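Residue-level structure breakdown
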Number of protein chains: 2
Amino acid sequence: MLAIGTLSRRTGTKVQTIRYYEEIGLMNEAGRTSGGQRRYFEKDLDRLAFIRHSRQLGFSLDSIRELLDLSDNPSQSCAEADSIARRQLHQVEQRIKRLQALKKELKRMVAECDGDSVAECKVLEVLRDHAECLTEHDEIGA
Amino acid sequence: MLAIGTLSRRTGTKVQTIRYYEEIGLMNEAGRTSGGQRRYFEKDLDRLAFIRHSRQLGFSLDSIRELLDLSDNPSQSCAEADSIARRQLHQVEQRIKRLQALKKELKRMVAECDGDSVAECKVLEVLRDHAECLTEHDEIGA
DNA sequence: GCTTGAACCTCTATCTGCTGTAGCTTGCAT
DNA sequence: ATGCAAGCTACAGCAGATAGAGGTTCAAGC
């Protein structure tokens, strides 16, 4: 029987985060000692590792929920898991594209700045006047 | 005198967002009509445009606050604004790097999946076992 | 068996950057 | 004078945790 701190150490997850995952139903409710402390089995550790690893790959908690369901029902087709992963891949690719456009714009901005006074600062000027942008960037956020 | 809806339309910012920017002190407190409605000058529009444009380039509200301060005090050196922009560029570059690692891993994952049953699904297998990863990806988040 | 203190517990608040809703009031055109 | 779009405040909620207060439990050492 493993204490929450052990899971925390072995997966690199904050204790509060593990409790949070339980609260939102991502982790099963843990068994308790007579004193009310959570105790886990190895399978819980595996599940937490799965969650963490998926998070590291950028999957949303909702996607992870789906992936866990699939993992719990090994008779189904793999297609579903595959499509979730493809969707995630697509999202990552889109984000990269967007960030590369930002990078280009930022590079141009700092390259043109010659360290003069704020009054003629290129950085601030570009920010002030959207029309100076080379690229379109209408979305906000990553 | 411009109503909040006009600012909203002309900058593509939701009305609530403008009020939110006022609440957090990013926009100055707007003048009011006798009935309590906000009224703006052109300079407020410019400020909002600056904020929005900076957001589109991925700057945090805190960074934007600094940039606005600099913009309001044109006697200072440009160096500060430059360094904020460089910091932002650096962050964007880091995020791109990280996402590219994720992309690689996800690609490998979906490429190896041959649509069999969940029991031998490569996607789920990789997620289950971190040791199968080629890349290190210890941070979570973008 | 007793004491100590690290680790656990719950509950609540906080973060970023908004967005949405409810229920009401104002402003402007007709 | 009236109708109604657009404004107002206040509060709740989203993801995905993280932090702190204030209290309890567990296990090791004596």
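This text goes with the structure placed above it.
Note that this is a predicted model, so its numbers are computed, not measured. (Residues numbered from 1 in each chain as written. Chains lettered and ligands numbered in written order. Predicted model: local features only at pLDDT ≥ 70, side-chain atom pairs only at ≥ 80, totals over all residues. Heavy atoms only, no water.)

What to know about the overall build of chain A
On a plain count of helices and strands, chain A comes out with six helices and three strands. In chain A, the succession of helices and strands from N to C terminus is β-α-α-β-β-α-α-α-α. Considering only residue pairs separated by 6 or more positions, chain A has 48% of its internal contacts joining residues 24 or more positions apart. When the accessible surface of chain A is totalled, it reaches about 7500 Å², and 46% of it is carbon and sulfur. (Helix = DSSP H or I, 4+ residues; strand = E, 2+ residues; numbered from the N terminus. Contact = heavy atoms within 4.5 Å. Areas by Shrake-Rupley, 256 points an atom, 1.4 Å probe, with all protein chains shown as cover.)

Focus: the sheet that holds strand E1 (residues 2-3) of chain B
Residues and elements named next belong to chain B. Spatial strand order, E1-E3-E2: three strands in an open sheet with antiparallel pairing. The sheet terminates laterally at E1 and strand E2 (31-32), the two strands that pair on one side only. Sheet analysis places E1 next to strand E3 (residues 38-40), joined by two bridges and oriented antiparallel. Residue pairing across strands places Ala 3 opposite Arg 39, the latter belonging to E3. (Pairing = 2+ DSSP bridges.)

Quick word on helix H4 (residues 61-72) of chain A
With 12 residues, H4(A) should reach 16 Å at 1.5 Å per residue; the first-to-last C-alpha distance of 16 Å fits that figure. By the burial criterion, the buried members of H4(A) are A:Ser63, A:Ile64, A:Leu67, A:Leu68, A:Leu70 and A:Ser71. Seen along its axis, H4(A) keeps its buried residues to an arc of 160°; they face one direction. For H4(A), the secondary structure elements touched by its buried residues are helix H3 (42-56) and helix H5 (79-112) of chain A together with helix H6 (122-128) of chain B. (Expected span 1.5 Å × (residues − 1). Buried < 20%, exposed > 50% of the residue type's maximum accessible area, 1.4 Å probe, protein only. Arc of directions from axis to C-beta.)

Quick word on the packing of helix H1 (residues 4-11) of chain B against helix H2 (residues 15-23) of chain B
Residues and elements named next belong to chain B. Contact geometry for H1 and H2: axes closest at 9 Å, N-to-C directions at 105°. Compared by their axis directions, H1 and H2 come out roughly perpendicular. Here Ile 4, Gly 5, Leu 7 and Ser 8 of H1 lie close against H2, whose contacting residues are Val 15, Ile 18 and Arg 19. For the contact of H1 with H2, the class distribution of residues is four nonpolar, two polar and one charged. (Axes fitted to C-alpha atoms, helices over the stretch in contact; angles between N-to-C directions. Parallel < 35°, antiparallel > 145°, perpendicular 65-115°, else oblique. Nonpolar A, V, L, I, M, F, W, Y, C, P; charged D, E, K, R; others polar.)

Notes on the protein's contact with DNA strand C
Taken together, the neighbourhood of DNA strand C is formed by 21 residues, with A:Arg19, A:Arg38, B:Thr17, B:Thr33 and B:Arg55 sitting nearest. Per the 4 Å cut-off to the protein, sugar and phosphate atoms form 83% of the nearby atoms of DNA strand C. Taking B:Thr33, its side chain carries an N or O atom lying 2.6 Å from a phosphate oxygen of DNA strand C. Contact between DNA strand C and B:Gly35: a phosphate oxygen at 3.2 Å from a main-chain N or O atom of the residue. Listing elements by their share of the surface near DNA strand C, those giving two or more residues are helix H1 (4-11) of chain A together with H2 and helix H3 (42-56) of chain B. A class-by-class count of the residues in the surface near DNA strand C yields five nonpolar, nine polar and seven charged. (Near = heavy atom within 4 Å. Polar contact = N/O pair within 3.5 Å; in protein donor to acceptor, adjacent residues only side chain to side chain.)

Remarks on the environment of A:Arg65
Locating A:Arg65 in the fold gives a position in helix H4. Sequence separation between A:Arg65 and A:Met27 is 38 residues, and the spatial gap between their C-alpha atoms is 9.5 Å.

Comments concerning the protein's contact with DNA strand D
By nearness alone, 21 residues border DNA strand D, and A:Thr17, A:Thr33, A:Arg55, B:Gly5 and B:Arg19 come closest of all. Backbone sugar and phosphate groups make up 85% of those atoms of DNA strand D lying within 4 Å of the protein. Backbone polar atom of A:Gly35 to a phosphate oxygen of DNA strand D: 3.0 Å apart, as the coordinates give it. A distance of 2.4 Å separates a phosphate oxygen of DNA strand D from a polar atom in the side chain of B:Arg19. Listed by contribution, the elements that provide at least two residues to the surface near DNA strand D are helix H2 (15-23) and H3 of chain A together with H1 of chain B. Of all the elements, H2(A) adds the most residues to the surface near DNA strand D, at four residues. Here the surface near DNA strand D is built from residues that sort into five nonpolar, nine polar and seven charged.

Quick look at the side chain of A:Arg38
All names here are of chain A. Position of Arg 38 among the secondary structure elements: in strand E3 (residues 38-40). For Arg 38, a relative accessible area of 18% gives the class buried. Setting aside its immediate chain neighbours within four residues, Arg 38 contacts Leu 2, Ala 3, Ile 4, Arg 19, Glu 22, Ala 30, Gly 31 and Arg 32.

Comments concerning the sheet that holds E3(A)
Strand order in the open sheet made by the three strands is E1-E3-E2 (chain A), with antiparallel pairing throughout. Two strands bound the open sheet, and with one partner strand each, they are strand E1 (2-3) and strand E2 (31-32) of chain A.

Considerations on the packing of aromatic side chains
Considering all chains together, one arrives at two aromatic pairs over all chains under this definition. Ring centres of B:Tyr20 and B:Tyr21 lie 6.0 Å apart, and the angle between their planes is 45°; on these two criteria the pair is classed as tilted. (Phe/Tyr/Trp six-rings, centres within 6.5 Å; stacked < 30°, edge-to-face > 60°.)

Focus on H1(B)
Residue and element names in this part refer to chain B. For H1, the full list of buried residues reads Ile 4, Leu 7, Ser 8 and Thr 11. Looking straight down H1, one finds that the buried residues subtend no more than 100° of arc, so they occupy a single side. The inward-facing, buried residues of H1 abut E1, H2, E3 and H3. Two residues or fewer past H1, Gly 12 is found with a positive phi of approximately 65°.

Limitation: the analysis is restricted to geometry and does not speak to function.
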